[in-house]
Amino acid sequence: MTSTQYDAIVVGAGHNGLVCAAYLAKAGRKVLVLERRHQVGGATTTEEIYPGYKFTCCSYVVSLLRPWIIRDLDLPRHGYEILPLEATVTPFPDGRYLVRDSDPERTRRSIAQFSPRDAEVYKRFGQEMAELGRLIKPLIDEPAPDPLSRDPRELLRIARLGKHVRGQGDDWLFANVKIMTMSAVDFLSEYFECEQLIAPMAVSGIIGTFLGIRSPGTAYVLLHHYMGEIDGSFRAWGLPKGGTGAIADAIASSARALGVEIRTNAPVAHLLMQNGSSGAAAGVVLDNGDEIRAKVVISGLDPHRTFLKLVGEKNLEPELAQQVKRFKMRGSSGKVNLALDALPELACLPGYGPHLQGGITIAPSIDYLERAYDDAKYGAFSRKPFMDVLIPSMTDPTLAPPGKHVMSIFVQYAPYHLKEGAADWPNQREAFGDTVIDTLSEYMPNLKDLILHRQVLTPWDLEQIYGLTEGNIFHGELSLEQLAFQRPLAGWSRYQTPVKNLWMCASGTHPGGGIMGAPGALCARTLLGKRAV
Amino acid sequence: MPIPSPFHERTQPLCSSYRWKDWSGYCAVCSYDTSHEREYFAFRETAGLLDVTPLYKYEVSGPDAGALLARMMVRDMSKLKVGRVAYTCWCDDDGKVIDDGTVSRLGESHFRVTAADPTLHWLQALSRGFDVTIEDSSMRLAALALQGPTSRAILRDAVDPMVGAGSSPIDALKFFGVTRSAISGIPVWISRTGYTGDLGYEVWVEREQALGVWDALMAAGSSHGIEPAGLDALDVVRIEAGFILLGVDYYSSHKVVLESRKSTPLELGFGWMVDLERGNFIGRDAIAAEMKRGSIWQLVGLEVSWEELEALYAGFNLPPSLPATARRDALPIYDEDGRQVGQATSHTWSPLLKKYLAIASVRRGSEAKGTKLQIEHTVEYERRKITATVAPIPFYDPERKRKP
């Protein structure tokens, strides 16, 4: 038991939980953050899995972290440093390769090997997408509009948004409708003709979803990835120095400086209800039985965990429980992280160079990616998966000993629900890891000789270790029916929940996943605006 | 026409951008790649290797070398210990700054002076009556700056082990220390100095043996993320470090026509170098008088408001945009009443600090930390003003810079 009275308890020290806590403390509230694991960050994490080698175990790049959060929380002073992600290389089985980087002419020449026409269109496409992303930005920097509201302030806001949308002209509106409904491949095919370009571009549309590049709705996810901005430059991605865990550490350091108390190794068992009633939260009960009281409890967990574990199904109305269960988690990806004795070489582009400082995308054709999805549809990991490969130690040598490297491989598809059942993942983990390494070795022949250590994270592991239900990296799919005023539940998109005094602040709420911080900050803003504490 | 430096044979094939500029009569790389971004991050995250041969260098030796430099420099050079380097400026009789640079004491009676402008005539003019010899070693010596967090590890691997010494001479080298050493059998001087405000070293070598040192450093650096870097990247990091540049942030009193264009050490933030009690040095009386009277100008750092910048561009339905490189076009600075109180002489976006930074000179009264000033910013050919707040310099000052 503790006698300290907190204004708010945040459950889970993921990046959103920390951002939320920092904003509340900034407003003078007394905040306690409880984290089950030994370190903060959640899936925004850097861990020394093999001595001397720091892995960005889960999330591995950053772009969406809102610039105003970086400024408000003074993150650069707390160690937040972002290094540029130089380029994207896509190798093809025929020995050719595509390079896209910050030099527009070099990129144009590279695309022109496959289609001179696409090479010209590419730049315009980038501009149009950046424009779309920029104009949609007001939506991700504010709580989702509530179409059912009769509150005049809310109606005014919706009117303003409507005016903003009308002001962009008809073409913009049509493009938006298309992007909301089409598949990534169809959308891209309206611009491009060569699949050597379409395939690696389309993968942005499937990351973290259980959909294929030809599935409707994936064009929107593509846009979600185009909303990234660094220093006012849209569609810019970066590598956090020290891995993504360093971002969490910077936010935690800022939060502590603002007076937030953070306890690690403090797993929460369930909510503490007021006077035994099921309607209102009064605090939390830890695994060790300690009760800690607060005026509000803010869940940094995904919607499933929040309602089904933290609140408990028995405390939920059956209809609500059904709604929660219908919220699609469906993890579809895994991570393989390697400690390497030296730099690997790309067969298509031998030698060491700046191309190894960027992303290496294994997405050689549209059919390749669709086949990868076919395996997943029937409950198996892809025999030839899509992979997004990075060697972050190329840019940030602090991650590995001198001359050595760490490699981060994002792998899709790895469906949570195997046909043998999710619990069979531990039996298939190494086979999955072998498939990844074998496939990548086709493009990097010397890779196998360099591996000192291999960490394989299946969706099942992501659930076990990081508490991501079904291993979904976004706390729920970023499909249209699960976004904006429908995220996480229709009618409960404003960070408040049907349980009194219980709030939500993580990626399962608007505007969604990625290291964005917006859900955490918007939750704090809404909560303070409603004078909940 | 600029001439190639002794490292040209190596730098030229690497300079895929063909972007060069004239630095003191030498061809100097602006950026090796089309963008200087990778080189900038090398300075801050790994190590950048920069050819600094164009710096002017002078060997001052003889029994009176220390006394001569004590007279010439604002800082007391007679107190400089062997194996130490001092950053200093020097003035004319009126206490107006001529140049700034470093003085290294390589031996009891051997000093090396570096300068941005030719300085031989000034050294010679002052040396009458002193028992010294002065050599212009600018052409004889080549120099490389190796700057960044992994620079120490690279040098540790690159320098030849010393007989009988337990630890590496590099680990023994303190901030602003200088030592004799050898790289691949080539004798060099290594000083822990630089123009990046970070952990870093400068290596001085006879020009005939320059390439051997370049090759050895690049080889040792391959596993530490070494990148050849050019002047565009340097210009961003030096602003972050708050280092001023002759001919940009101030002008040599030997070169300008207008008296008002000259600067004093106090105005440039060099007040810490001044010791009035130590005996006479050139410009002393003028500086003493200025101390009593107060300075007219003050060099300050400015942080430009990003929110206002974003709002300004939003007013044009544009995303915010800043030049990709550091800029030297002076921008007028106004106070809150709209009076022009100075000028920003260098400005850059800092990718590391996420701030738009400027180095400026403002009139007395506007220099206090936190003062809200206005800086001119042009969008779509329209000149506007946005808030810039006076901030302490250096903007960026990592602990590793001076860590033992």
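Residues numbered from 1 in each chain as written. Chains lettered and ligands numbered in written order. Predicted model: local features only at pLDDT ≥ 70, side-chain atom pairs only at ≥ 80, totals over all residues.

## Considerations on the overall build of chain B
1) Next: The helix and strand inventory of chain B stands at 10 helices and 19 strands.
2) Next: Buried positions account for 49% of the 404 residues belonging to chain B.
3) Next: In chain B, once contacts between residues fewer than 6 apart in sequence are set aside, the share between residues at least 24 apart is 66%. (Helix = DSSP H or I, 4+ residues; strand = E, 2+ residues; numbered from the N terminus. Buried ≥ 20, exposed ≤ 12 C-beta atoms within 10 Å, placed from the backbone. Contact = placed C-beta atoms within 7 Å.)

## Details of the overall build of chain A
1) Next: Of regular secondary structure, chain A possesses 17 helices and 20 strands.
2) Next: Here the C-alpha atoms of chain A give a radius of gyration of 23 Å, agreeing with the 24 Å that 2.2 N^0.38 yields for 533 residues.
3) Next: Based on the C-alpha atoms only, the size of chain A along its principal axes is roughly 70 × 55 × 50 Å.
4) Next: Within the span of chain A, comprising 533 residues, buried residues form 55% of the whole.
5) Next: Taking the intrachain contacts of chain A between residues at least 6 apart in sequence as the baseline, contacts between residues at least 24 apart amount to 72%. (Rg over C-alpha atoms; globule rule 2.2 N^0.38 Å.)

## Quick notes on the sheet that holds strand β15 (residues 331-334) of chain B
Residue and element names in this part refer to chain B.
1) Next: Spatial strand order, β14-β17-β16-β15-β18-β19: six strands in a closed barrel with antiparallel pairing. Going from strand to strand, the sheet's axes swing by 40° on average, the running direction of each strand aside.
2) Next: Set on the sheet, helix α8 (residues 231-240) makes contact with β16 (340-350) and β17 (355-363); between it and β16 the angle comes to about 120°.
3) Next: The strands touched by helix α10 (residues 306-314) within the sheet are β14 (297-304), β17, β18 (372-379) and β19 (382-391), with β19 carrying the most contacts at an inclination of about 170°. (Pairing = 2+ DSSP bridges. Axes fitted to C-alpha atoms, helices over the stretch in contact; angles between N-to-C directions.)

## A few points about the environment of Arg487(A)
Residue and element names in this part refer to chain A.
1) Next: Relative to the helices and strands, arginine 487 is located in the loop between α16 (459-466) and β20 (502-504).
2) Next: Assessed through the 26 C-beta atoms surrounding it within 10 Å, arginine 487 is described here as buried.
3) Next: Between the C-alpha atom of arginine 487 and that of alanine 342, which follows or precedes it by 145 residues, the distance is 44 Å.
4) Next: When sequence neighbours within four positions are dropped, the list of residues in contact with arginine 487 reads Ala144, Gln482, Ser493, Gly508, Thr509, His510 and Gly512.

## Regarding the environment of Ile386(B)
Residue and element names in this part refer to chain B.
1) Next: Here isoleucine 386 shows up in strand β19.
2) Next: Since 19 C-beta atoms lie within 10 Å of it, isoleucine 386 is described here as partly exposed.
3) Next: The residues contacting isoleucine 386, other than those within four sequence positions of it, are Val304, Ser305, Glu308, Leu309, Leu312, Gln374, Ile375 and His377.

## A short note on the interface of chain B and chain A
1) Next: The partner chain A presents 20 residues to the 21 residues of chain B that form the contact.
2) Next: Broken down by element, the side of chain B that touches chain A gets its largest block of residues, four residues, from helix α2 (residues 37-45) of chain B.
3) Next: Of the residues contributing to the side of chain B that touches chain A, the split by class is nine nonpolar, eight polar and four charged. (Nonpolar A, V, L, I, M, F, W, Y, C, P; charged D, E, K, R; others polar.)

## Things to note about the nonpolar core
1) Next: Among the nonpolar cores identified, the biggest contains 275 residues, and Ile9(A), Leu18(A), Cys20(A), Ala21(A), Ile251(A), Leu144(B) and Leu302(B) are the most heavily contacted of them.
2) Next: Tallying contributions element by element places helix α1 (residues 15-26) of chain A first for this core, with eight residues.
3) Next: Once you skip the residues sitting within four places of it in the chain, Cys20(A) turns out to touch Val10(A), Ile298(A), Cys505(A), Gly520(A), Ala521(A), Cys523(A) and Ala524(A). (Core = buried A, V, L, I, M, F, W, Y, C linked by C-beta atoms within 7 Å.)

## So, the pairing of strand β11 (residues 186-191) of chain B
All names here are of chain B.
1) Next: Sheet topology places strand β10 (residues 178-183) next to β11; six bridges connect them, and they run antiparallel. Considered in β11, the bridge of valine 178 is made with serine 191.
2) Next: From the end of β10 to the start of β11, which pair antiparallel, there are two residues, and serine 184 there has a positive phi angle of about 50°.
3) Next: Bridge analysis of β11 against strand β12 (residues 200-206) gives three bridges, and the strand direction is antiparallel. Bridge pairing links serine 191 to glutamate 202 in β12.

## Considerations on the environment of Ala288(B)
1) Next: With respect to the secondary-structure elements, Ala288(B) resides in helix α9 (residues 284-293).
2) Next: Measuring from C-alpha to C-alpha, the distance between Ala288(B) and Pro4(B) comes to 44 Å, with 284 residues separating the pair along the chain.

## Looking at the sheet that holds strand β5 (residues 85-91) of chain B
Residues and elements named next belong to chain B.
1) Next: If you trace the five strands from one edge of the open sheet to the other, you get β5-β6-β7-β4-β8, paired in antiparallel fashion. Of all the strands in the sheet, the pair left with one neighbour each is β5 and β8 (133-136). Strand after strand, the sheet turns through a mean of 25° between neighbouring axes, direction not considered.
2) Next: Relative to strand β4 (residues 56-61), helix α3 (residues 65-72) is tilted by about 130°, and along the sheet it contacts β4, β5, β6 (97-107) and β7 (110-115).

## Considerations on the packing of α1(A) against helix α10 (residues 245-257) of chain A
Residue and element names in this part refer to chain A.
1) Next: One way to put it is that α1 packs onto α10 with a least axis distance of 9 Å and a crossing angle of 20°. The orientation of α1 relative to α10 falls into the category roughly parallel. In this structure, α1 meets α10 at a crossing whose hand is left-handed. Two secondary-structure elements touch here, α1 through His15, Leu18, Val19, Ala21, Ala22 and Ala25 and α10 through Ile247, Ala248, Ile251, Ala252, Ser254 and Ala255.
2) Next: Of the residues belonging to the contact of α1 with α10, the class tally is 10 nonpolar, two polar and no charged. (Parallel < 35°, antiparallel > 145°, perpendicular 65-115°, else oblique. Left-handed = near helix turned anticlockwise from the far one by under 90°.)

## Things to note about unusual backbone geometry
All names here are of chain A.
1) Next: A cis amide bond links glutamine 412 with the next residue in sequence, tyrosine 413, at an omega value of 15°.
2) Next: For tyrosine 413, the position within the fold is in the loop between β18 (405-412) and α14 (425-441).
3) Next: A cis amide bond links arginine 487 to the next residue, proline 488, at an omega of -5°.

## Details of the pairing of β14(B)
Note on strand geometry: in a regular strand, side chains alternate between the two faces of the sheet.
Residue and element names in this part refer to chain B.
1) Next: Within β14, seven of the eight residues are buried, which leaves it mostly tucked inside the rest of the structure.
2) Next: Bridging between β14 and β17 involves eight bridges; their strand directions are antiparallel. For valine 300, the partnering residue across the bridge sits in β17 and is alanine 360.
3) Next: In this sheet, β19 lies alongside β14 in antiparallel orientation, the contact comprising four bridges.

## What to know about the confidence of the model for chain B
1) Next: When pLDDT is averaged across chain B, the result is 95; 99% of the residues are at 70 or more.
2) Next: The complex prediction reports pTM at 0.90, with the ipTM value standing at 0.85. (pLDDT = per-residue confidence, 0-100.)

## Re the packing of α2(B) against α8(B)
Residues and elements named next belong to chain B.
1) Next: Closest axis-to-axis distance for the α2/α8 pair is 8 Å, and the angle between their directions is 45°. The angle between α2 and α8 falls in the class oblique. Read as a crossing pair, α2 and α8 show a hand that is right-handed. Of the residues in α8, those touching α2 at Glu39, Tyr40, Phe43 and Arg44 are Ala233, Val236 and Val237.
2) Next: Residues belonging to the contact of α2 with α8 are distributed by class as follows: five nonpolar, no polar and two charged.

## Section: α10(A)
Residue and element names in this part refer to chain A.
1) Next: An ideal rise of 1.5 Å per residue puts 18 Å on 13 residues; α10 measures up with 18 Å between its terminal C-alpha atoms.
2) Next: Taken across its 13 residues, α10 has 11 buried, putting it largely inside the fold.
3) Next: Buried within α10 are the following residues: Gly245, Ala246, Ile247, Ala248, Asp249, Ala250, Ile251, Ala252, Ser253, Ser254 and Ala255.
4) Next: Backbone geometry just downstream of α10 places glycine 259 in the positive-phi region, at approximately 105°. (Expected span 1.5 Å × (residues − 1).)

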